[in-house]
Amino acid sequence: MGQAYFITGTGTDIGKTVVTSFLYKTLNQLGVKTMICKPFQTGYREDIQGYPDLHWFETELGVENSGIYQLKPETSPHLAIRLTQQEIDVQRILNRIQQLQKEFDVVLVEGAGGLAVPLIEQKAGFYMTKDLVIDAELPIIAVSPSGLGAIHDALTTFTYAQACQLNIQSIIFNRFNYTNEIHQDNVQTIEKLIAVSPLVCLPNFKNIHTEMDSFIEKLLQNNHFVTHIREVFNCVLHK
Ligand SMILES: Nc1ncnc2c1ncn2[C@@H]1O[C@H](COP(=O)(O)OP(=O)(O)OP(=O)(O)O)[C@@H](O)[C@H]1O
Ligand SMILES: C[C@H](N)[C@H](N)CCCCCC(=O)O
Ligand SMILES: [Mg+2]
């Protein structure tokens, strides 16, 4: 039986899909049978005649059927559901994740937006992203930017996760500027504040389509990284 991990972040547009793709490629390189699942995708895009994350996973990684619910309005899931009157069955999501865990060693489940996002508005209140994480019993991998403002965003996300008694397994920084003092200090300061060591700092790729593979190739020669990713993914790695 494999394990699913929830990929969340400090907000929308911060790189969850890019990080999910990075992890998918890296784990596959390490012989780990990996799949991606995006339970809620909002924001239909006319230019691609589809949904951005699902389209990315298909065109960049060849991963099909990563979605469960797609909603056209480019909004929070709870509002898109209200606007479209789409029926949502949480059990369908839980069953899909369960089924994928039977078929794969690792399942990367990407959230919609940041961690504190409402998914479904119910009479009794909101079914939040954290409720899905709890119901599906998922450890979390958080994605954070590293530039100015990242300390607040990362710390509030982690504090919210702790308040919800969620397990933050690891953090990955995105669009990291290796020569910038603020970026360097932010990563160190955030690590001190949340006591979770970053798995990797992804650079701001000039051409993400061509540069990520060589970045991963170099990284896999670093034994410290391979040991660390082995720990994060609970030694499901075969090699
Ligand atoms: N490290 C990076 N290098 C280059 N481009 C990046 C990087 N990270 C993100 N991007 C680009 O920034 C945009 C937002 O990234 P991404 O789609 O991964 O965000 P997201 O958090 O998944 O957003 P959403 O909340 O909509 O799912 C995309 O166009 C993506 O290609
Ligand atoms: C449309 C966007 N790209 C994401 N798919 C959904 C973002 C939800 C954000 C909710 C909020 O924090 O206000
Ligand atoms: Mg995304």
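Keep in mind it's a predicted model, so treat the numbers as computed, not measured. (Residues numbered from 1 in each chain as written. Chains lettered and ligands numbered in written order. Predicted model: local features only at pLDDT ≥ 70, side-chain atom pairs only at ≥ 80, totals over all residues. Heavy atoms only, no water.)

Chemist: Could you give an account of the site of ligand 1, with specific residues and numbers?
Modeler: What surrounds ligand 1 is a group of 17 residues, the closest being Thr12, Lys16, Asn174, Arg175 and Pro203. The separation between a nitrogen atom of ligand 1 and a polar side-chain atom of Asn204 is 3.4 Å. Its free accessible area being 630 Å², ligand 1 has 79% of it covered by the protein chains. Elements represented by at least two residues in the shell around ligand 1 include exactly helix 1 (16-29) and strand 8 (168-176). The dominant element in the shell around ligand 1, judged by the number of residues it contributes, is helix 1, at three residues. Of the residues that constitute the shell around ligand 1, the class distribution is five nonpolar, six polar and six charged. (Near = heavy atom within 4 Å. Polar contact = N/O pair within 3.5 Å; in protein donor to acceptor, adjacent residues only side chain to side chain. Areas by Shrake-Rupley, 256 points an atom, 1.4 Å probe, with all protein chains shown as cover. Helix = DSSP H or I, 4+ residues; strand = E, 2+ residues; numbered from the N terminus. Nonpolar A, V, L, I, M, F, W, Y, C, P; charged D, E, K, R; others polar.)

Chemist: Please provide a residue-by-residue account of the coordination of the magnesium ion (ligand 3), values included.
Modeler: Around the magnesium ion (ligand 3), the protein contributes the donor atoms Thr17 (OG1), Asp53 (OD) and Glu110 (OE), at 2.0 to 2.2 Å from the metal centre. One chain supplies every donor to the magnesium ion (ligand 3), and in sequence these donors are spaced T-x35-D-x56-E. Separated by 57 residues along the polypeptide, Asp53 in helix 2 (residues 52-61) and Glu110 in strand 4 (residues 106-110) bring together distant segments of the chain. The exposure classification of Asp53 matches that of Glu110, with both residues buried. (Donors = N, O, S within 2.8 Å, 3.2 Å for Na, K, Ca; no water. Buried < 20%, exposed > 50% of the residue type's maximum accessible area, 1.4 Å probe, protein only.)

Chemist: With reference to specific residues and values, describe the packing of aromatic side chains.
Modeler: One pass over the structure, following the stated rule, counts seven aromatic pairs. With 4.7 Å between their ring centres and 65 degrees between their planes, Tyr5 and Phe233 make a pair best called edge-to-face. Placement of the pair is Tyr5 in strand 1 (residues 3-9) and Phe233 in the segment after helix 9 (223-232), with a sequence separation of 228 residues. Under the relative-accessibility criterion, Tyr5 is labelled buried at 0%. By relative accessible area, which is 0% here, Phe233 ends up buried. Ring-pair connections join several aromatic residues into one group, and the members of that group are Phe22, Phe205, Phe215 and Phe225. Across the ring face of Phe104, the terminal group of Lys33 is positioned such that the distance to the ring centre comes to 5.0 Å. Over the ring of Tyr44 we find Lys72, and its NZ or CZ is 4.6 Å from the ring centre. (Phe/Tyr/Trp six-rings, centres within 6.5 Å; stacked < 30°, edge-to-face > 60°. Lys NZ or Arg CZ within 6 Å of the ring centre and 35° of its normal.)

Chemist: Could you give an account of the confidence of the model for the protein, naming the residues involved and the relevant values?
Modeler: As a note on interpretation, predicted positions should not be read in detail where pLDDT is low. This prediction gives the protein a mean pLDDT of 96; 98% of its residues lie at or above 70. Interface confidence for the predicted complex, given as ipTM, is 0.99, next to a pTM of 0.98. (pLDDT = per-residue confidence, 0-100.)

Chemist: Tell me about helix 3 (residues 77-84), residues and numbers included.
Modeler: For helix 3, the set of buried residues is Pro77, His78, Ala80 and Ile81. Each buried residue of helix 3 lies within a common arc of 165 degrees when the element is viewed along its axis, so the set occupies one face. Just downstream of helix 3, Gln85 is the residue with a positive phi angle, here 55 degrees. (Arc of directions from axis to C-beta.)

Chemist: I'd like a rundown of unusual backbone geometry, residues and numbers included.
Modeler: Even without glycine at this site, Arg175 takes up a positive phi of about 60 degrees. For Arg175, the location among the structural elements is in strand 8.

Chemist: Explain the site of ligand 2 to me, using residue names and the numbers behind them.
Modeler: Close contacts around ligand 2 come from Thr12, Thr42, Glu74, Thr75, Ser76, Gly113 and Val117, and that covers them all. Here a nitrogen atom of ligand 2 sits 3.4 Å away from a polar atom, N or O, in the side chain of Thr12. At a separation of 3.2 Å, a nitrogen atom of ligand 2 approaches a polar side-chain atom of Thr42. Coverage of ligand 2 by the protein chains reaches 63% of its 390 Å² of free accessible surface. Along the lines of polarity and charge, the residues of the shell around ligand 2 split into one nonpolar, five polar and one charged.

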